Amino acid sequence: MNASFISQLKGTQIFKSISEEEIETIIKEVPFRTVDYKKGEVLFWEGDKCTGIGIVLEGEVEIHKGAIMGKKITITQIKPGDMFGEAIVFSTTHEYPATVEALLDSKILFISKENILMMCSNHVQFVEKFMEILSNKILILNSKL
């Protein structure tokens, strides 16, 4: 297995507390897909279907909404190691509520909903970390209200 890829995954929010051996097992079970994006390229438009999560391995992406008179409102910026789509993929609408755009040349790892469910079924550490991330995002949103 590619040691640099495992090291890259180990540096992400979702995989950081999982052992390298466990990550290697997950990689063998789950087909990951990585996609390179150029600066300014749109990954997903507001309203696009969300079928999985994205993890920024390199670069940076921005989530923003369009506004009146062509201005955009930045919701958040996702840096290397962070993920997006985790709250949408299991929602009833499965649609991106905002546009996701590459702020820099970026490499994104995508994991489908089906593979997330398989990882949750087979790897307790993964499901615990996934739930922790979702819970923390809920707490952050509540504190902003």
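A few points on the structure. Bear in mind the structure is a predicted one, so any value in this text is a computation, not a measurement. (Residues numbered from 1 in each chain as written. Predicted model: local features only at pLDDT ≥ 70, side-chain atom pairs only at ≥ 80, totals over all residues. Heavy atoms only, no water.)

When helices and strands are counted, the protein chain shows four helices and eight strands. For the protein chain, the C-alpha atoms occupy an extent of roughly 50 × 30 × 25 Å along the three principal directions. Put simply, the protein chain has 145 residues, and 40% of those count as buried. For the protein chain, contacts bridging at least 24 residues in sequence account for 73% of all contacts bridging at least 6. (Helix = DSSP H or I, 4+ residues; strand = E, 2+ residues; numbered from the N terminus. Buried < 20%, exposed > 50% of the residue type's maximum accessible area, 1.4 Å probe, protein only. Contact = heavy atoms within 4.5 Å.)

What follows is about the sheet that holds strand β4 (residues 61–66). Ordered in space as β2-β7-β4-β5, the four strands form an open sheet in which the pairing is antiparallel. Strands with a single pairing partner mark the edges of an open sheet, and in this sheet they are β2 (42–44) and β5 (72–78). Here the average twist between neighbouring strands, direction ignored, is 35°. Bridge analysis of β4 against β5 gives six bridges, and the strand direction is antiparallel. Looking at the pairing, V61 lines up with I78 of β5. (Pairing = 2+ DSSP bridges. Axes fitted to C-alpha atoms, helices over the stretch in contact; angles between N-to-C directions.)

Running from N to C, helix α1 (residues 3–10) and helix α2 (residues 20–29) cross one another at 110°; their axes reach a closest spacing of 10 Å. Taken together, the axis directions place α1 and α2 in an arrangement best described as roughly perpendicular. Packed against α1, whose contacting residues are F5, I6, L9 and K10, the element α2 presents E20, I23, E24 and I27 at the interface. Partitioning the contact of α1 with α2 into residue classes produces five nonpolar, no polar and three charged. (Parallel < 35°, antiparallel > 145°, perpendicular 65-115°, else oblique. Nonpolar A, V, L, I, M, F, W, Y, C, P; charged D, E, K, R; others polar.)

This paragraph deals with α2. Listing the buried residues of α2 in full gives I23, I26 and I27. Along the axis of α2, the buried positions cluster into a sector of 100°, meaning they face one direction only. Residues of α2 that are exposed and angled more than 90 degrees away from the buried face: E21 and K28. Against α1 and α3 (113–122) lie the buried residues of α2. (Arc of directions from axis to C-beta.)

With that out of the way, let us pick up helix α4 (residues 124–144). Given a rise of 1.5 Å per residue, 21 residues ought to cover 30 Å, and the 31 Å separating the end C-alpha atoms of α4 matches this to within 8%. Considered for burial, the residues of α4 that qualify are F126, K129, F130, I133 and L134. In a view along the axis of α4, the buried residues occupy a sector of 130°, so they form one face of it. Among the exposed residues of α4, those oriented more than 90 degrees off its buried face are V124, E128, I138, L139 and S143. Lining the buried residues of α4 we find β3 (52–58), β6 (83–84) and α3. (Expected span 1.5 Å × (residues − 1).)

All right, on to the packing of α3 against α4 then. Think of two packed helices as two axes; the pair is described by the angle between the axes and how far apart they sit. At a minimum axis distance of 5 Å, the contact between α3 and α4 shows a crossing angle of 120°. Here the hand of the crossing between α3 and α4 comes out left-handed. Contact residues: α3 offers I116, M119, C120 and N122, while α4 offers V124, F126, V127 and F130. Taken together, the residues that form the contact of α3 with α4 break down as seven nonpolar, one polar and no charged. (Left-handed = near helix turned anticlockwise from the far one by under 90°.)

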